[in-house]
Structure formats: structure tokens, C-alpha cells
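Close look at the chain arrangement
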Amino acid sequence: MEKRLHIDGVDFHYTMSGEGQPVVLMHGWGCNHSTLESIEKVLSPAMKVYNVDFPGFGGSGEPEQVWGVEEYTRLIEQFILAEGIKNPVLLGHSFGGRVGILYSSRNEVKKLILVDAAGVKPPRSLKYYVKVYSYKAMKRLLPMLFGSKKGGELLDKYRGKSGSSDYNNSTPKMRAILSKVVNEDLKSVMPKIKCPTLLIWGKKDTATPLRDAEIMEKLIPDAGLVAFDGVGHYSFLENPYQFAAVLKSFLKDEMNK
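Residues numbered from 1 in each chain as written. Predicted model: local features only at pLDDT ≥ 70, side-chain atom pairs only at ≥ 80, totals over all residues. Heavy atoms only, no water.

Let us look at the nonpolar core. Counting 46 residues, the largest nonpolar core has Val24, Tyr72, Ile76, Phe79 and Met216 as its most contacted members. Top element by residues in this core is helix α2 (residues 69–82). It accounts for 6 residues. Here Tyr72 is in contact with Phe54, Pro55, Phe57, Pro63, Trp67, Phe95, Val99, Met174 and Ile177, once residues within four sequence places are set aside. If you look at the next biggest cluster of nonpolar residues, it comprises 23 residues, including Ile39, Met47, Val231 and Phe250. (Core = buried A, V, L, I, M, F, W, Y, C linked by side-chain atoms within 4.5 Å. Buried < 20%, exposed > 50% of the residue type's maximum accessible area, 1.4 Å probe, protein only. Helix = DSSP H or I, 4+ residues; strand = E, 2+ residues; numbered from the N terminus. Contact = heavy atoms within 4.5 Å.)

See below:
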């Protein structure tokens, strides 16, 4: 069932299926609720599954302002309140993991599942800082040298060559949001998560490497890590059968109610 709410000035889209213990699925950056449909199919026979489109993705509108993890988390808080959901299970992939971490650090959560999740700010190399400051310099100089229109065109070409695919495929507003959220480090709130937490990772994940999961496992009081060999950032798609088995084992009590 497709549903919509108007929250914080945003048209918010999500789907709902199944009955039982509520579980909220939260996708990664550049994706939408359809990315997690395979997980929804595993859980919906025994649980009530809410599969969301974050603002700026899928069927949800873009935020009016440049949001960070705080604003996305507040939206999920308001959504859960509006739906009357009590003590949910949360599952977040990649960016969705950021929201799951912050939400669980300050709200009652039955269980938390972090799948190749973001939330640990990566160490930055000299190459990274050269690229960042080169872009900032060009952003200032090109319009001065070639005018705003031509300078903007040249800047877009440079950005297309040097930026990530997530950045280049985003609208200007969502690029600004991406630039903000990727620099947010959530390690300080991880010790505040009191619910049982399962970390599921691909050992070949380069977007959110396994060392991030190991940091999370140390900082979250009741956390356990399962890592799959030969699997990358989309462990639930690359190794679906093992993923489903691990998920069902962790949610055994919730799925048997």
C-alpha cells in the first residue's frame, strides 16, 4: 500500500505491507524504497513493514532547505509519531544507517540493523584536500575570468570529471545536502544506543569499509557484526540468501509474534 504524509514542508512517500511488529526500512543515498524491496519481501509475511522514500528520492519531494542528518532524523521521528508506531525495529542501509544511528540514540527502538551503514567520518588523504580546495578555488576564479554563465559551464565540466557519481547525479539542492551529510560524524552518539544492534557488512565494501563496522561494534554497547566474504556495499543484494538467514535469526522473536 502506498501512502503519503506532508511533513516539514515535504511531500513524504512510503509503502506499508504486512502485519505484526513494525519495522522501518531506510534506503541509501541515490536510491529509493524499491532498493530495499527484497528485504521487505523477507519481512512482510511476519512483520508490518514501512519502506520509506527519503526526501529528495523516489516519490518524496526535495527539502526546501539544505538538510543534514538531524533534519532527516526529525522527519522519521515525526513520521513514526504520525503513524502511531511504537518501539519499532529500524533497518538502515548506507545513508539510511546514519538516520537509524541518530534516531536510536534518542528514541525507544526494539532492535537496530545497520547494513553497510554510513556514520563514521573517513580519514582524509592529502589528495582529497587538494581536490576540495582546487574546486573551491575554481568556483571563485572561473566566474571572475569568464563571466557567470561561461564560468558556471566550465565549473560543471570540472565537477563532472572530479565529483562522485552520487554528487554528479544529484540536483544542486541535493548536492549541497550530500556535501553536508557526508561530513557528519556520528561516533559520539553511538554509545547512547541501548537496543540490540546487528551490523551486516560486505568485506569488499569500499563506500563504507569494514573498519567502519568494527568502530561501530566497539562503540554501540549491544552490537554484533556479521561480515560476508566477496561482497561489497550492497550486501543484501549480492548475498541475498545468507543475508535473509542472518536477518531472520536476529528478528526471530519479532517474526514469531
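With that settled, consider the pattern of salt bridges. Under the definition given, this model contains 9 salt bridges. In this structure, the salt-bridge partner of Glu83 is Lys3, at a minimum N-O distance of 2.9 Å. Taken together, the positions of Glu83 in the loop between α2 and β5 (89–93) and Lys3 in strand β1 (residues 2–7) put the pair 80 residues apart, joining distant regions of the chain. Assessed through its relative accessible area of 26%, Lys3 is described here as partly exposed. (Salt bridge = Lys/Arg side-chain N within 4 Å of Asp/Glu carboxyl O.)

By secondary structure assignment, the location of Asp53 is in the loop between β4 (48–52) and α2. No salt bridge is formed by the buried Asp53. Its closest oppositely charged neighbour is Arg4, at 6.8 Å. In this structure the side chain of Asp53 is engaged in a polar contact, spanning 2.7 Å, whose partner is the backbone nitrogen of His33. What Asp53 contacts, discounting residues up to four positions off in sequence, is Phe12, His13, His27, Asn32, His33, Gly58, Gly59 and Ser60. (Lys, Arg positive; Asp, Glu negative; His and termini not counted. Polar contact = N/O pair within 3.5 Å; in protein donor to acceptor, adjacent residues only side chain to side chain.)

A few words now on the sheet that holds strand β7 (residues 197–202). Overall, mixed pairing links the 8 strands, which are arranged β1-β2-β4-β3-β5-β6-β7-β8 in an open sheet. Looking at strand neighbours, the two that pair on one side only are β1 and β8 (223–228), the edges of this open sheet. The sheet shows a mean angle of 20° between the axes of neighbouring strands, direction not considered. In this sheet, β4 lies alongside strand β3 (residues 22–26) in parallel orientation, the contact comprising 4 bridges. For Pro22, the partnering residue across the bridge sits in β4 and is Lys48. Along the sheet, α2 makes contact with β1, β2 (10–17), β3, β4 and β5, crossing β1 at roughly 120°. (Pairing = 2+ DSSP bridges. Axes fitted to C-alpha atoms, helices over the stretch in contact; angles between N-to-C directions.)

The next thing to look at is the pairing of β8. As paired elements, β7 and β8 share 6 bridges and run parallel to each other. Of the residues in β8, the one forming a bridge with Thr197 is Ala223. In this view, the connection linking β7 to its parallel neighbour β8 by way of helix α8 (residues 210–219) has right-handed handedness. (Right-handed = clockwise from strand over helix to strand, strands pointing away.)

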